[in-house]
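Read off the chains here:
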Amino acid sequence: MAESSTRARINFIKLKQEELSSKIALLVSDNGRIIFWKAAPRYYEGKATHFDVRQNKTYLTIGECNIHRRLTNERICLNFTINDIEYFLRGMVVEQMEENLQMVLELEDECFRVEKRSRERLHTYPVYEVYAYLKYQKQQTNNVVFFNKKEQQSTDFFSEIDNIQKNKLQGLTNDLHMEDTEDLAGFRVEDLSSSGLSFFANTKEKEHILDAFGEDKFTMILNFEMQVFNLEEANIVYKINYINSQFSGVPMYKIGINFKPSPSLKRKIEDHTGITLDMVDYQKEFEEFIKNE
């Protein structure tokens, strides 16, 4: 395990070669976002579009990289995220095609993931009123009442809360348009960051709503103390059986969702709560760390 000397709270942990190959393959299959740079703070980004292995060397093609700078034969740093884990490595630019905004890199063997020690998530429940809303396709015979609650003994009460929240939400945003076949499910958020959140769902909510999303990306709406955020490129990263004292006797799941980082949400969290979410500049830290390797 290697540790950055500049910040004791960050560990850059070296991956094995086979781990690197599997992560790159997954990144390309998702056409994932990748950040690259020669020297901080000039960062660029593109999409991982292709990779292949030749003579034990891994070559990665990055598309949609709108960069007005020649990097051919330059060594650059790269950063990508999979399942909320940050990965860092370096590579040599062997070909740069300006006409179609592509670069081909020969990747170095060493790749690192970040072990984060700083606080980056805010535990919202029960102190803050934060709700996540997902649009879903209504079922013809669907009498399920959604909102993270005990089952039928409180049906009418929670249905009323649901309608109140929906009306408030519609008054706060013009983006909440639903077709006749759609409805809105609301969940009380347990913890939150600028790029992810979690909440609890019961079995019916999981089976009738959440399972239908599969691995697809979607847009969701967050209501944080009556301020609305549209969160893009959201996807469900886990659905875990969970025993929760709040819902004694009711099977529950903890649901984790990632989404495209939202700087405005980060500011809201910090300004409203007075708690700084320490979003470390990992790219700059990696650049300093790799110099000392």
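Residues numbered from 1 in each chain as written. Predicted model: local features only at pLDDT ≥ 70, side-chain atom pairs only at ≥ 80, totals over all residues. Heavy atoms only, no water.

## Here's the deal with the pairing of strand 12 (residues 196-202)
To keep it simple, the criterion reads: Note on classification: 1.4 Å probe, protein chains only; a residue is buried when its accessible area is under 20% of the maximum for its type, exposed when over 50%, partly exposed between these limits. Helix and strand labels come from DSSP, where a helix needs a run of H or I of at least four residues and a strand needs a run of E of at least two; each type is numbered from the N terminus. DSSP-based pairing: two strands are paired if at least 2 bridges between them are found.
The buried fraction of strand 12 amounts to 7 of the 7 residues, a majority that puts the element mostly inside the structure. Here strand 12 shows two buried faces, one formed by Gly 196, Ser 198, Phe 200 and Asn 202 and the other by Leu 197, Phe 199 and Ala 201. Examined bridge by bridge, strand 12 and strand 15 (residues 252-258) share 7 bridges and lie antiparallel to one another. Directly across from Phe 200, in strand 15, lies its bridge partner Lys 254.

## What to know about a nonpolar patch on the surface
For clarity, the threshold we go by: Think of a patch as exposed residues, more than 30% relative accessible area, with no salt bridge, where like charges cluster within 9 Å and nonpolar side chains (Val, Leu, Ile, Met, Phe, Trp, Tyr) cluster within 5 Å. Only the protein chains shown count as covering a residue, and every accessible area follows the Shrake-Rupley method with a 1.4 Å probe. For this document, the term salt bridge refers to a Lys or Arg side-chain nitrogen within 4 Å of an Asp or Glu carboxyl oxygen.
On the surface, a nonpolar cluster with roughly 220 Å² of combined accessible area is contributed by Val 237, Tyr 238 and Ile 240. Mapped onto the fold, Val 237 is located in strand 14 (residues 227-242).

## Some details on helix 3 (residues 203-213)
Test applied: Taken from the helix axis, the directions to the C-beta atoms give the arc we talk about. Two N or O atoms count as a polar contact when they lie within 3.5 Å, although within protein this holds only if one can serve as hydrogen donor and the other as acceptor, and sequence-adjacent residues are included solely when both atoms are side-chain atoms.
Among the residues of helix 3, those classed as buried are Glu 205, Lys 206, Ile 209, Leu 210 and Phe 213. The buried side chains of helix 3 occupy one side of the element, clustering within an arc of 125 degrees when seen end-on. Within helix 3, the exposed residues directed more than 90 degrees away from the buried face are Glu 207 and Ala 212. The N-capping residue of helix 3, defined by a side-chain oxygen 3.1 Å from the backbone nitrogen of Lys 204, is Asn 202. Of the residues flanking the end of helix 3, it is Gly 214, one or two places downstream, whose phi is positive at about 55 degrees.

## A short note on the nonpolar core
Formally: Residues grouped as a nonpolar core are buried Ala, Val, Leu, Ile, Met, Phe, Trp, Tyr and Cys residues, joined through side-chain atoms within 4.5 Å. Two residues qualify as a contact provided that any one of their heavy atoms is within 4.5 Å of a heavy atom in the partner residue.
Among the nonpolar cores identified, the biggest contains 30 residues, and Leu 192, Leu 197, Phe 199, Met 220, Leu 222, Ile 257 and Leu 265 are the most heavily contacted of them. The residues touching Met 220, leaving out its near neighbours within four places in the chain, are Ala 132, Tyr 133, Leu 134, Leu 197, Phe 229, Asn 230, Leu 231, Ala 234 and Ile 257. Grouped together as the second largest cluster of nonpolar side chains are 25 residues, Ile 34, Phe 36, Ile 82 and Leu 107 included.

## Looking at the environment of Ala 39
The topology assignment puts Ala 39 in the loop between strand 3 (33-37) and strand 4 (43-54). For Ala 39 and Gln 283, which are 244 residues apart along the polypeptide, the C-alpha to C-alpha distance reads 9.5 Å.

## Some words on the environment of Phe 12
Topologically, Phe 12 is positioned in strand 2 (residues 10-14). By relative accessible area, Phe 12 is classed as buried at 0%. It is 9.5 Å that separates the C-alpha atoms of Phe 12 and Glu 285, two residues lying 273 residues apart in sequence.

## What about empty space enclosed by the protein?
Put simply, the rule is: Any residue with an atom within 4 Å of a point lines the site, the site being either a cavity, points on a 1 Å grid over the protein atoms alone where a 1.4 Å probe fits but cannot get out, or a pocket, an open set with protein on both sides within 12 Å along at least 5 of 7 lines. Grid points are joined across faces, edges and corners, and a volume is the space filled by probe spheres set on the points.
Taken as a whole, this structure holds 2 cavities of 30 Å³ or more when the rule is applied. In this structure, the second largest cavity is lined by Leu 89, Arg 90, Glu 108, Glu 110, Phe 112, Phe 286 and Ile 290. Only strand 7 (85-97), strand 8 (102-116) and helix 5 (282-291) provide two or more residues apiece to the lining of the second largest cavity. If you tally residues by element for the lining of the second largest cavity, the top one is strand 8, at 3 residues.

## Concerning the confidence of the model for the protein chain
Formally: pLDDT is a per-residue confidence score from the predictor, ranging from 0 to 100.
Scored by pLDDT, the protein chain comes out at a mean of 79, with 75% of its residues at no less than 70. Ranking the elements of the protein chain by mean pLDDT puts strand 1 (residues 2-3) last, at 39, and strand 5 (residues 57-63) first, at 93. Segment residues 149-161 is flagged for pLDDT under 50; beyond a separation of four residues in sequence, or across chains, it makes 14 contacts in the model.

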